[in-house]
Amino acid sequence: MTMTTAPSDTTTLSVPVLPLRDVVVYPYMVVPLFVGRERSIKALEVAMAADKQILLATQKNATEDQPTEQSIYQVGTLATVLQLLKLPDGTVKVLVEGVKRGKIIRFIENQEYFLADIEVMEDDGAGEREVEIFVRSLKSQFEQYVKLNRKIPAEIMASILAIEDSGRLGDTIAAHLSIKLEEKQKLLEQSYLPKRLESLMALLENEIDLLQVEKKIRGRVKRQMEKTQREYYLNEQIKAIQKELNEGEPNEFEAMAKKIEQAHMPKEAHEKSTAELAKLKVMPMQSAEGTVSRNYLDVMVSLPWDKSSSDRVNLTEAEKILEEEHYGLKEVKERIVEYLAVQKRVKKLKGPILCLVGPPGVGKTSLGQSIANATGRKFVRMSLGGVRDEAEIRGHRRTYIGAMPGKIIQKLSKIGVNNPLYMLDEIDKMSMDFRGDPASALLEVLDPEQNHAFNDHYLEVDFDLSKVMFMATANTLDIPPALRDRMEIIRIPGYTEDEKVNIALRHLIPKQIQAAGLKPSEIEIPAETIQAIVRYYTREAGVRNLEREISKICRKVVKEILLKIKGEKARVEPEDLEHYLGVRRFRYDIADQQDQIGQVKGLAWTEVGGELLSIEAIVLPGKGKTIYTGQLGEVMQESIQAALSVVRARSSLLGVPKNFFEKHDIHIHVPEGATPKDGPSAGISMCTALVSVITNMPVRANYAMTGEITLRGEVLPIGGVKEKLLAAHRSGIKNVIIPVENVKDLKEIPDNIKQDLNIKPVRWIDEVLSSAIAGYPERLPRKNKKTKSSVVSVGKKVKLRKSDKTDRVGTH
């Protein structure tokens, strides 16, 4: 070893360097070290062979197995090797004692071990007055630290108090602190004693704060554990007492195990429930997880895994129940009886999935209850109006707080059988948002090929829905195509006037008499009064408003009887309706009394039934513009353009001057402008209005029409024929023009309606014009008059058959 003396009296030594991992050695510390790296063992051997001095320097990265000169801190501790012992595994155990701080000036090149020139560092500022103050504070703080930290023996405090040297005191305290390696290294590198002691005080204060917080947390946890243990012992004592009092009655777990066996679950569900019960047994009684498992088992054992009600097999009785509870609706009743007939032959039949589509108030929902009565099934209803969360159908996963099964499973659990009639009400009113699409979740429910293994998120096992008879209701077919494809659509059109009267006499009046507390002997509402209410106080496809008006009459009659205004029995005549219901709200016969030029009655379909649609056209001097108003949709605007093209193509036949369309504007308006209108079925009405206003010939007031028109003048079929004919009949129209291809739909029309209406099927627009326009074609200019023929397409003349002129359906 070489020793030199620098000009400033600092001592410089050349000593071996021993890199340390995860430890900083301070002066005056005696530390045992285990050394296993070859270079480190060689350094120790060189030191032992010389004066036993070695520099202990900490390496920056503790995970580095072969440190480099750059990865070793520049400041370490010059130490003396007190003892060296070679172990059998090749490692060396060495006992070292720190002497002074040492700073590496430079490393001396050596392949076998680290060798460096170091400068021995002396403490500066030891004689300053503030050092004495720091020493007192450090002893006081360390005493507090020892009380809080149970890892430091109490004897250490006595040895600390006996140290008089301030530098040694600081290093000894630093060695016992549980601080980061980087903080310990900073203290070692600080040679200015006041600064080192100040930093040490800050670190000691921080450690004391952490220990105090740790002590509080430890005390709180201990108290909680003591409380939990106390509750556990008390619960065990309560169980023991209850067991003694019950004298052998089964406890909660035994009762649940018995319920699981009695539920006759499928294998998968039985294994899941048994495993959940086993978990519940080892949980504390009041734990949150225990409550979740207990609720899950309650749901599982309450489900009707194998409980079914028996279907009614007497078809005559089923037909009787349907007829008694609902008037009309033949198609639906036939479908239910067909299902029962097949059920009678085939013992196991998957339940049909029906969707009743019709306007409000026609009895779709109440029909579900009637079908349940007729089939002998229990009835359960779920309203889908406004549902926008997929979890309403499939349930929540049990990881969520307050998780529940979906409404499908909930309702089945409540009803107690696995084959009820399940009514999905207002299926067209569902929507979707960020929580999912309930309509997509219903795809599995309503698919007979899939619903035998319906998987609710809460149950986590399959449940068989194939025995359930699902029935949906909707006002429109605004249903996703995939969902609509899984259902059998049955349309329920609006009621005729006679049907409404019969429904009121059979069902509505007895129901409202009972609801008002009247006796049947105290009030009489004859059929003609009901007919007057239907005509003048309601305008609807169903009977909801009719029932509301009957209820109003019953309430007023009750009041008059109690006030003794009326006698023992009140008979409500049509002329009394103004007294009970106020002035008439609607005109029954709204058809025009006089023929009008440019005004046509079209027929439209709406969600609440059919409506009479007035279409007006006028010609104005202008530049050939076409104006249309009345909130018309794109399809209806295109119908106007097609109708105008048909008229222009027949301009020579109609006697229209060549430049007429260039010098005149045509304005088409559909009144009730606040109501949006769309669809192609007003095509022939538009064309008729245009021909009427251009030729100045009036349209017959007692005619209404519906049909799509092509550019060739052909009349194409349309939908909603029944609703439209009912609207025409309700409005007092006597003649209705329909496309010839819609004749097949007249089978749905009641006979009394067909007898009151003169229904004329047409194929070409010329047949429409000759029927609906007064004087057509006789009043056309002589050179263009075609009394024996009609233009089918531009430039082509076809003679009319006699049958074309007199084609009628119904009795006139």
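This text goes with the structure placed above it.
An account of the accompanying structure is given in this report. These numbers come from a predicted model, not from an experiment.

About the thresholds
Residues numbered from 1 in each chain as written. Predicted model: local features only at pLDDT ≥ 70, side-chain atom pairs only at ≥ 80, totals over all residues. Heavy atoms only, no water. Salt bridge = Lys/Arg side-chain N within 4 Å of Asp/Glu carboxyl O. Helix = DSSP H or I, 4+ residues; strand = E, 2+ residues; numbered from the N terminus. Buried < 20%, exposed > 50% of the residue type's maximum accessible area, 1.4 Å probe, protein only. Patch = residues over 30% accessible without salt bridge, like charges linked within 9 Å, V, L, I, M, F, W, Y side chains within 5 Å. Areas by Shrake-Rupley, 256 points an atom, 1.4 Å probe, with all protein chains shown as cover. Lys, Arg positive; Asp, Glu negative; His and termini not counted. Charge placed at Lys NZ, Arg CZ, Asp CG, Glu CD. Contact = heavy atoms within 4.5 Å. Phe/Tyr/Trp six-rings, centres within 6.5 Å; stacked < 30°, edge-to-face > 60°. Lys NZ or Arg CZ within 6 Å of the ring centre and 35° of its normal. Axes fitted to C-alpha atoms, helices over the stretch in contact; angles between N-to-C directions. Parallel < 35°, antiparallel > 145°, perpendicular 65-115°, else oblique. Left-handed = near helix turned anticlockwise from the far one by under 90°.

1. Some remarks on the pattern of salt bridges
Part 1 of the argument: For the structure on display, the rule yields 32 salt bridges.
Part 2 of the argument: Residue E214 is joined to R218 by a salt bridge in which the shortest nitrogen-to-oxygen separation is 3.4 Å. Within this pair, E214 and its partner R218 are both found in helix α6 (residues 193-246), separated by four residues, close to a single helical turn.
Part 3 of the argument: You can call E214 partly exposed: its relative accessible area is 43%.

2. Thoughts on a negative patch on the surface
Part 1 of the argument: Taken together, the side chains of E319, E331, E334, E338 and E748 define an acidic patch exposed on the protein surface.
Part 2 of the argument: In terms of residues, the negative patch owes the most to one element, helix α11 (residues 330-345), which gives three residues.
Part 3 of the argument: Structurally, the position occupied by E319 is in helix α10 (residues 315-325).
Part 4 of the argument: For E319, a relative accessible area of 42% translates into the label partly exposed.

3. A few points about the environment of L546
Part 1 of the argument: Take L546: it is sitting in helix α19 (residues 544-562).
Part 2 of the argument: Classification of L546 by relative accessible area gives buried; the value is 1%.
Part 3 of the argument: Those residues within four positions of L546 in sequence are excluded, and the remaining contacts are K500, A504, L508, I533, V534, T538 and E540.

4. Some thoughts on the packing of aromatic side chains
Part 1 of the argument: For the structure on display, the rule yields six aromatic pairs.
Part 2 of the argument: Between F660 and F661, the aromatic rings sit 5.4 Å apart at their centres with planes inclined by 90°, giving edge-to-face as the arrangement. Each of the two residues, F660 as well as F661, counts as buried.
Part 3 of the argument: A cation sits over an aromatic face here: R39 above F114, 4.3 Å from the ring centre.
Part 4 of the argument: Above the ring of Y296, the side-chain terminus of R398 is found at 3.9 Å from the ring centroid.

5. Side note on the packing of helix α17 (residues 497-515) against helix α18 (residues 527-536)
A pair of packed helices is characterised by two quantities: the angle between their axes and the separation of those axes.
Part 1 of the argument: Packing of α17 against α18 brings their axes to within 9 Å, and their N-to-C directions diverge by 120°. In this view, α17 runs oblique relative to α18, as classed from their interaxial angle. Regarding α17 and α18, the two cross each other, and that crossing is right-handed. Listed contacts from α18 to E497, K500, V501, A504, L505 and I509 of α17 are A527, I530, Q531, V534 and R535.

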